[in-house]
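Results of the structural survey
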Amino acid sequence: MQDNIYIIGEIGQAHDGSIGMAHAYIDALALAGVDAAKFQMHIADAESSIYEPFRNDTYFYDHSRMDYWRRMEFTKLEWVSLKKHCKEKKLDFIVSPFSNEAVDLLQEIGADKVKIGSAEAINLLIINKISKKNKDIIISSGMSQIAELDDSIAYLKDKNCNLALLQCTTAYPTSPHQWGLNMIADLRDRYHIPIGFSDHSGNIYACLAAASMGARLLEFHIVFDQKMFGPDASSSLTVDNAITMVKGVRQIEAALKNPVDKNDDSAFETSKTNFGRSLSLNKSLQKGQAVSFDDLESKKPAGYGIPVKCYLGIIGKKLARNMEKWEFLNEDDLI
């Protein structure tokens, strides 16, 4: 995994079956400044059946969920065009296959990385096939218990795959109490692989929080407008939000790479002098008078009188000369 936080824009089904829209989303993700565009490869007959229920009730012209998946399919030539477009925009091309047949098609096309979606994280049949043909694998933990992840990750490690794991909650949209940011450190300590965060919140805050918690990968869904048709629209970022989020992540990343040493104030020497204070008198006093707390003021800059922090040591000492109001007080002025 690269040194920088790796940001993946998930197009998913936002294209709604239109190859033109899929290409438009590649351009949008390139504008946002992400590292990769991610797609889902659906082959309805291999993946689904007439018995699969709808995930929600927004499908007005698909008679079945299987019909919907058919509408999401692209031809091999269309997939090749998407990959080519990603390369032109300097984006990694990442795909989640949802059937063994899709894995075979993806093998013909080629991908920079393969993502195993939450629903497939415990599907050892497809995991086995993916691991034989692809070594750079990202796995999502959305629906999995730790014991199930243990099995899948051990299996993929045994296949010498380059693994990354995403903390994910399968809820659309995901509310803050469901983000599971605590799992980023827990999963990192458990598996010793790069841990990231897959977001379905519909806003920029979850990814920013995950970046500050040490996530090495971030994945979010993108859409042109959250009111668009589709199952993930309300859980996605708009293009403008994605641009803002990516900028924020890069700033958080810069902050994390440059820890501040509060014991080193060398960069502030001039400012500390300019804004520092020296002891002075707030009234005129005569030679021989003892200095009291009520006689003292602190005035800028530092270095023109006794440092303010030393004020206790001069209370009760007598003046060696007559002094005017607002004069700086130095050691030579005391006896």
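Cut-offs and rules
Residues numbered from 1 in each chain as written. Predicted model: local features only at pLDDT ≥ 70, side-chain atom pairs only at ≥ 80, totals over all residues. Heavy atoms only, no water. Helix = DSSP H or I, 4+ residues; strand = E, 2+ residues; numbered from the N terminus. Buried < 20%, exposed > 50% of the residue type's maximum accessible area, 1.4 Å probe, protein only. Contact = heavy atoms within 4.5 Å. 1 Å grid on protein atoms, 1.4 Å probe; cavity = no way out; pocket = protein on both sides within 12 Å on 5 of 7 lines; lining within 4 Å. Points joined across faces, edges and corners; volume = space filled by probe spheres on them. Nonpolar A, V, L, I, M, F, W, Y, C, P; charged D, E, K, R; others polar. Pairing = 2+ DSSP bridges. Axes fitted to C-alpha atoms, helices over the stretch in contact; angles between N-to-C directions. Patch = residues over 30% accessible without salt bridge, like charges linked within 9 Å, V, L, I, M, F, W, Y side chains within 5 Å. Areas by Shrake-Rupley, 256 points an atom, 1.4 Å probe, with all protein chains shown as cover. Salt bridge = Lys/Arg side-chain N within 4 Å of Asp/Glu carboxyl O. Core = buried A, V, L, I, M, F, W, Y, C linked by side-chain atoms within 4.5 Å. UniProt positions renumbered as here; feature names shortened; annotations may be inferred.

**Quick notes on the environment of M213**
Relative to the elements of secondary structure, M213 occurs in the loop between helix 9 (205-212) and strand 8 (217-221). On the basis of relative accessible area, M213 is assigned to the partly exposed category, the value being 43%. In the structure, M213 is positioned 17 residues away from G196 in sequence and 9.8 Å away in space, judged by C-alpha atoms. Not counting chain neighbours up to four residues away, the residues in contact with M213 comprise L181, I184 and R188.

**Section: unusual backbone geometry**
Excluding glycine, most residues fall at negative phi; most peptide bonds, likewise, are trans. With an omega of -5°, the peptide bond running from Y172 to P173 counts as cis. Structurally, P173 is set in the loop between strand 6 (162-168) and helix 8 (182-191). At N160, a position not held by glycine, the phi torsion is positive, near 60°. Mapped onto the fold, N160 is located in the loop between helix 7 (146-158) and strand 6. With a relative accessible area of 63%, N160 lands in the exposed category.

**Regarding empty space enclosed by the protein**
Taken as a whole and assessed by the stated rule, the structure comprises 1 cavity of 30 Å³ or more. Roughly 70 Å³ of internal volume is contained in the largest cavity. In terms of lining residues, the largest cavity is bounded by 13 residues, among which A14, V223, D232, A233 and S236 are the most central. Taken together, the residues of the lining of the largest cavity break down into 7 nonpolar, 4 polar and 2 charged.

**Re the sheet that holds strand 2 (residues 36-41)**
Taken together, the 8 strands give a closed barrel; going around it, the order is 1-2-3-4-5-6-7-8, and neighbouring strands pair in parallel fashion. Strand-to-strand twist across the sheet, computed as the mean angle between neighbouring axes with direction ignored, equals 25°. Bridging between strand 7 (residues 195-199) and strand 8 involves 3 bridges; their strand directions are parallel. Counterpart to F197 in the pairing with strand 8 is L218. Where helix 6 (residues 124-133) meets the sheet, it contacts strand 3 (92-97), strand 4 (113-116) and strand 5 (136-140), and its direction lies at approximately 170° from that of strand 4.

**Examining a nonpolar patch on the surface**
Together, F293, L312 and I315 line one region of the surface with nonpolar side chains, adding up to about 310 Å² of accessible area. Inspection of the secondary structure assignment puts F293 in the loop between strand 9 (278-281) and strand 10 (296-299).

**Considering the nonpolar core**
Of all hydrophobic cores here, the largest spans 70 residues; its most connected members are F39, W79, L165, L218, F220, I222 and M245. The residues contacting M245, other than those within four sequence positions of it, are I204, C207, L208, F220 and L237. Within the second largest apolar cluster, 11 residues are counted, among which are L296, L319, M323 and L334.

**Observations regarding the pattern of salt bridges**
Counting across every chain of the model gives 19 salt bridges. In this structure, D92 and K113 form a salt bridge, with 3.8 Å as the shortest nitrogen-oxygen distance. Of this pair, D92 sits in strand 3 while K113 sits in strand 4; the two residues are 21 residues apart in sequence, bridging distant segments of the chain. Given a relative accessible area of 21%, D92 falls into the partly exposed group. Owing to a relative accessible area of 16%, K113 belongs among the buried residues under this scheme. Between R321 and D333 there is a salt bridge, and its shortest N-O distance comes to 2.8 Å. Pair noted here: R321 is in the segment after helix 12 (311-314) and D333 is in the segment after helix 12, with a separation of 12 residues, a long-range link. Residue classification places R321 among the partly exposed positions, given a relative accessible area of 32%. Each of D35, R250 and E253 takes part in one network of salt bridges that share partners.

**Concerning the UniProt feature "domain: AFP-like" (unreviewed entry) in the chain**
When the UniProt feature table is mapped to this numbering, "domain: AFP-like" (unreviewed entry) covers residues 278-335. Split by type, residues 278-335 is 7% helix and 14% strand. Its first and last C-alpha atoms lie 19 Å apart.

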